[in-house]
Amino acid sequence: MGKKNSDMKFNSNSNENKVSLILDLRKNGINNPEILRVIEQIDRSYFVDSHLYDKSNLNTALPIDCGQTISQPLIVALMTQHLEVKSNMRVLEVGTGSGYQTLVLSKIAKFVYTIERYKTLHQKAKELLKIIKAKNIFFRHSDGGLGWIEQAPFDRIIVTACAFEIPNHLLEQLDEGGIMIVPVGEVHEEQVLKKVKKNKGKIYVENLEKVRFVPLLEGVEKQ
Ligand code: SAH
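So, here's what we can say about the structure. Every chain is numbered independently, its residues counted from 1 as its sequence is written. At least 70 in pLDDT is required for a residue's local features to be given in this predicted model, at least 80 for side-chain atom pairs to be given and counted, and no such filter applies to totals for whole chains, interfaces and linings, which use all residues. In computing side-chain properties, one takes all heavy atoms of the structure into account and sets aside hydrogens as well as water.

Observations concerning the site of the ligand
Argument step 1. Neighbouring the ligand are 26 residues; Ser98, Glu116, Asp143, Gly144 and Leu217 lie closest to it.
Argument step 2. The separation between a nitrogen atom of the ligand and a polar side-chain atom of Thr160 is 3.5 Å.
Argument step 3. Any pair of N or O atoms that falls within 3.5 Å is considered a polar contact. Within protein, one atom must be able to donate a hydrogen and the other to accept it, and sequence-neighbouring residues count only if both atoms are side-chain atoms. In this structure, a nitrogen atom belonging to the ligand sits 2.6 Å away from a main-chain N or O atom of Leu217.
Argument step 4. For every accessible area listed, the method is Shrake-Rupley and the probe measures 1.4 Å; residues are considered covered only by the protein chains on display. Burial of the ligand by the protein amounts to 99% of the accessible area it has alone, namely 580 Å².
Argument step 5. A cavity here means a set of points on a 1 Å grid, drawn over the protein atoms and nothing else, where a 1.4 Å probe fits but cannot get out; a pocket is an open set with protein on both sides within 12 Å along at least five of seven lines, and a residue lines either one if it has an atom within 4 Å of a point. Being in a pocket or cavity means that more than half of the molecule's atoms lie within 2 Å of its grid points. If you map the ligand onto the pockets, it falls in the largest cavity.
Argument step 6. Residues are grouped as follows: nonpolar covers Ala, Val, Leu, Ile, Met, Phe, Trp, Tyr, Cys and Pro; charged covers Asp, Glu, Lys and Arg; every other residue, Gly included, is treated as polar. The class makeup of the residues in the shell around the ligand is 10 nonpolar, 12 polar and four charged. Neighbouring residues are identified by heavy atoms, a residue being near a molecule or strand if any of them is within 4 Å of it.

The structure is reproduced here in structure tokens:
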């Protein structure tokens, strides 16, 4: 009551939602204390437009610029948990979007290399994460399906948009012993989250669960 719009993100309703968000993650199999702590610490309202501040702690995906979405917190937590990130690892993220998943990863990994095909989203996330003082993140505006050859190989690769098939370039840029988490399928059709492991040059694929993501598209957008 009587709060300015700019104060919305600090209101009590939002904090209550944060507590139930963490409970919800626990109920749905997120048991990694580091991931729960990182999600509890990060203010997700920074990553959405002001009219969505009061929804930022809900366990739902929300719209961001360029017709894209900030992923549901449970999906961010699940993908991060399956990625098995350690503090000495270099992670490639394809699909920066809002930068929320990027920040989560950066609090656990050594370095995060993130690629976005929309210039607007790339710049916005880069500026925001600079303000937040996340220093171990490197940003690139390009087609992430091609990976980041100059920085390869990566210990971990996470793709936050749905691919038709496991992207070959990314497989090649995954280090020995590496893990990649990628949603695979058709838009509006069944999509399955896959866990891909590379061991002694062999590729092992495990199907995790059904998901819904925006598509992984080729090329870049100049806006
Ligand atoms: N993790 C992000 C998810 C954003 S949605 C978040 O929580 O905010 C997926 C993002 O992948 C979109 O921003 C989309 O533009 C981007 N994307 C799709 N295809 C891509 C590609 N080939 N290279 C880089 N980014 C891509």
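Once the structure has been displayed, the description carries forward.
As for empty space enclosed by the protein
Argument step 1. Grid points are joined across faces, edges and corners, and a volume is the space filled by probe spheres set on the points. For the structure shown, the criterion picks out one cavity of 30 Å³ or more.
Argument step 2. Quantified by volume, the largest cavity comes out at close to 350 Å³.
Argument step 3. Lining the largest cavity are 30 residues; nearest its centre among them are Gly95, Thr96, Gly97, Glu116 and Thr160.
Argument step 4. Comment: elements are numbered from the N terminus, with helices defined as DSSP H or I runs of at least four residues and strands as E runs of at least two. Of all the elements in the fold, those that place two or more residues in the lining of the largest cavity are strand S2 (69-70), strand S3 (90-94), helix H4 (100-106) and strand S4 (111-116).
Argument step 5. Partitioned by chemical class, the residues of the lining of the largest cavity number 12 nonpolar, 14 polar and four charged.

Considerations on the nonpolar core
Argument step 1. Throughout this description, the term nonpolar core refers to a set of buried Ala, Val, Leu, Ile, Met, Phe, Trp, Tyr and Cys residues connected via side-chain atoms within 4.5 Å. For every residue, the accessible area (1.4 Å probe, protein chains only) is compared with the maximum for its type, and the residue is labelled buried under 20%, exposed over 50%, or partly exposed between those bounds. Core analysis: the largest hydrophobic core is formed by 48 residues, its most contacted members being Leu25, Ile30, Ile39, Phe47 and Tyr100.
Argument step 2. For this core, the elements supplying multiple residues, two or more each, are helix H1 (12-27), helix H2 (33-41), helix H3 (73-83), H4, helix H5 (119-131), strand S5 (137-141), strand S7 (174-185) and strand S9 (202-211).
Argument step 3. Among the elements that line this core, the one with the most residues is H3, at seven residues.
Argument step 4. Any two residues whose heavy atoms approach within 4.5 Å are treated as being in contact. When neighbours within four sequence positions are excluded, Ile39 is seen to be in contact with Lys18, Leu21, Ile22, Leu25, Pro73, Ala77 and Tyr100.

Quick look at the packing of aromatic side chains
Argument step 1. Here a pair means two rings of Phe, Tyr or Trp (six-membered ring of Trp) with centres within 6.5 Å. Their orientation is stacked below 30 degrees between planes, edge-to-face above 60, and tilted elsewhere. All told, the structure shown has five aromatic pairs when counted by the stated rule.
Argument step 2. Judged by centre distance (5.7 Å) and plane angle (55 degrees), the rings of Phe111 and Phe138 are tilted. With Phe111 in strand S4 and Phe138 in strand S5, this pair connects stretches of sequence that are 27 residues apart.
Argument step 3. Judged by relative accessible area, Phe111 falls into the partly exposed class, the value being 28%.
Argument step 4. Pairwise contacts between aromatic rings join Phe111, Tyr113, Phe138, Trp148 and Phe154 into one cluster.
Argument step 5. Over the face of the ring belonging to Tyr100 we find Arg44, whose NZ or CZ atom lies 5.6 Å from the ring centre.
Argument step 6. A positively charged side chain is recorded as over a ring if its NZ (Lys) or CZ (Arg) lies within 6 Å of the ring centre. The angle to the ring normal must also be within 35 degrees. A cation over a ring is seen here: Arg117 above Tyr118, with NZ or CZ 5.4 Å from the ring centre.

Concerning the pairing of S5
Argument step 1. Relative to S5, S4 is paired through five bridges, and the arrangement is parallel. Across the sheet, the residue bridging to Thr114 is Phe139, located in S5.
Argument step 2. Think of it like this: strands point away, you trace from the first strand over the helix to the second, and a clockwise trace means the crossover is right-handed. Remark: the S4/H5/S5 crossover connection has right-handed handedness. A strand pair is defined by DSSP finding two or more bridges across the two strands.

Regarding H5
Argument step 1. With 13 residues, H5 should reach 18 Å at 1.5 Å per residue; the first-to-last C-alpha distance of 18 Å fits that figure.
Argument step 2. Among the residues of H5, Leu121, His122, Ala125, Leu128 and Leu129 are the ones counted as buried. Considered in projection along H5, the buried side chains sweep an arc of 145 degrees and stay on one side of the axis. With respect to the buried face of H5, the exposed residues turned more than 90 degrees away are Glu127, Lys130 and Ile131.
Argument step 3. Of the surrounding secondary structure, the elements contacted by the buried residues of H5 are H4, S4 and S5. Given the number of residues in a helix, its expected span is that number minus one, multiplied by 1.5 Å. Note: the arc covers the axis-to-C-beta directions of the helix.

A short note on the side chain of Gln68
Argument step 1. Along the chain, Gln68 falls in the loop between strand S1 (62-63) and S2.
Argument step 2. For Gln68, the side chain forms a polar contact with the main-chain oxygen of Cys66, separated by 3.0 Å.
Argument step 3. Setting aside residues no more than four positions away along its own chain, Gln68 makes contact with Leu62, Pro63, Tyr118, Leu121 and Val214.

Remember that the coordinates give geometry; whether it matters functionally is a separate question.
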